[in-house]
Amino acid sequence: MAHVELSLSEVFAPAASTEQESDNFGHWSGMVSRAAEPCLLIDAGTTVVAISSSGCDLLCLGAPDDVIGLPLLEGGLRLVDFTASPSELTEQETDKIPPLLALHSGRLARGLLRVQGPGSDAGRTVDAISTPVLTDGTVAGSLTFLSAV
């Protein structure tokens, strides 16, 4: 017969920080800006707050400074459909992309995007996984992790 021992100890609780911490959304903004992985953070108004350099490369957006502060869909991001001769997505279709879907639904969202760079005939396919970012219990934005397919 197996013998299992269980011991209980005190719960480790970190001491209260004395430095001024930003809210959850502000904390994620700093992390995304410094991340090596392709990721993107937008606020509730769909403005790009932070994007990693690799995220800019994957989405054909240039440098992070060129995109930060602009609305996600007006900062040079060109989303096209998956047809043989790609055309830009309609507003109704763009509302369903993971970063916006997570923002509006308050839930995790995942989907494929086809991104077309400047002067590019064929788009590149990107897998996007988005989660809402909460501040004081309300959705303040969405965080998206991206990978090439």
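Coordinates for the structure precede this section.
Attention here is on the structure that accompanies the text. (Residues numbered from 1 in each chain as written. Predicted model: local features only at pLDDT ≥ 70, side-chain atom pairs only at ≥ 80, totals over all residues. Heavy atoms only, no water.)

Here we come to the overall build of the protein chain. Of regular secondary structure, the protein chain possesses five helices and five strands. Ordered by position from N to C terminus, the α and β elements of the protein chain give α-β-β-α-α-α-α-β-β-β. A buried classification covers 35% of the 149 residues belonging to the protein chain. The contacts of the protein chain with a sequence gap of at least 6 include a subset with a gap of at least 24, amounting to 42%. As displayed, the protein chain offers around 9,300 Å² of accessible surface, 54% of which is attributable to carbon and sulfur atoms. (Helix = DSSP H or I, 4+ residues; strand = E, 2+ residues; numbered from the N terminus. Buried < 20%, exposed > 50% of the residue type's maximum accessible area, 1.4 Å probe, protein only. Contact = heavy atoms within 4.5 Å. Areas by Shrake-Rupley, 256 points an atom, 1.4 Å probe, with all protein chains shown as cover.)

As a further point, take the pattern of salt bridges. Tallying each qualifying case throughout the model produces two salt bridges. Across the pair Arg78 and Glu88 runs a salt bridge whose closest N-O atoms are separated by 3.0 Å. Taken together, the positions of Arg78 in the loop between α3 (64–67) and α4 (91–94) and Glu88 in the loop between α3 and α4 put the pair ten residues apart, joining distant regions of the chain. A residue is classified by how much of its surface remains accessible, and Arg78, at 30% relative accessible area, is partly exposed. One salt bridge connects Arg110 with Asp127, and the closest N-O pair in it is separated by 2.5 Å. Remark: Asp127 occurs in strand β4 (residues 124–135) and Arg110 occurs in strand β3 (residues 109–115); sequence separation between them is 17 residues. Residue Asp127 is classed as buried on the basis of its relative accessible area of 11%. (Salt bridge = Lys/Arg side-chain N within 4 Å of Asp/Glu carboxyl O.)

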